[in-house]
Amino acid sequence: HTQQEQQQQQQGKPVGRPASALDLSRHMDKQIYVKLAGGRQIRGTLKGWDQLVNLVLDDTIEKLRDPLDPYRESGQERKLGLVVARGISVVAICAAEGYEEIYENPFHQ
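Scoring rules and cut-offs
Residues numbered from 1 in each chain as written. Predicted model: local features only at pLDDT ≥ 70, side-chain atom pairs only at ≥ 80, totals over all residues. Heavy atoms only, no water. Core = buried A, V, L, I, M, F, W, Y, C linked by side-chain atoms within 4.5 Å. Buried < 20%, exposed > 50% of the residue type's maximum accessible area, 1.4 Å probe, protein only. Helix = DSSP H or I, 4+ residues; strand = E, 2+ residues; numbered from the N terminus. Contact = heavy atoms within 4.5 Å. Salt bridge = Lys/Arg side-chain N within 4 Å of Asp/Glu carboxyl O.

A. Representation of the nonpolar core within the structure. Grouped together as the largest cluster of nonpolar side chains are 12 residues: Leu24, Ile32, Val34, Leu36, Ile42, Leu46, Val53, Leu55, Leu57, Val83, Ala85 and Val90. Where this core is concerned, the elements lending two or more residues are β1 (31-36), β2 (41-49), β3 (55-65) and β4 (73-85). Residue contributions to this core peak at 3 residues, all from β1. Ignoring any residue separated from it by four or fewer positions in sequence, one finds leucine 36 in contact with Ile42, Ala85, Ser89, Val90 and Val91.

Encoded structure:
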């Protein structure tokens, strides 16, 4: 073992692997979009996360879907406030800054 691996082992950290597969530290206290299993999409301020990608979001807003067509947004939003999103249900994470929605299919000719 290297000296760094020995220190990690003494601290109880896994050796040779990062503590988390996802580093969201640069997005702390910033707005992010989260797509959840089942198609729900939320936007909120990232307040914390863990190695299982459980997320804590504040000032969270959910984009509501059209009840007749679950693939379309209704244009309405619902305030959720403080949310803990379980990592098992997180499908995608995107920074809100620099995010642009595409309304027309760019592949349709």
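Still more to cover.
B. Summary view of the pattern of salt bridges. Following the criterion strictly, the structure yields 6 salt bridges and no others. For the salt bridge of glutamate 77 with arginine 43, the shortest nitrogen-to-oxygen distance reads 3.7 Å. With glutamate 77 in strand β4 and arginine 43 in strand β2, this pair connects stretches of sequence that are 34 residues apart. Across the pair arginine 78 and glutamate 62 runs a salt bridge, and its minimum N-O distance is 2.4 Å. Taken as a pair, arginine 78 in strand β4 and glutamate 62 in strand β3 lie far apart in primary sequence, 16 residues in all. Through salt bridges with shared partners, a single ionic network connects Arg40, Glu62 and Arg78.

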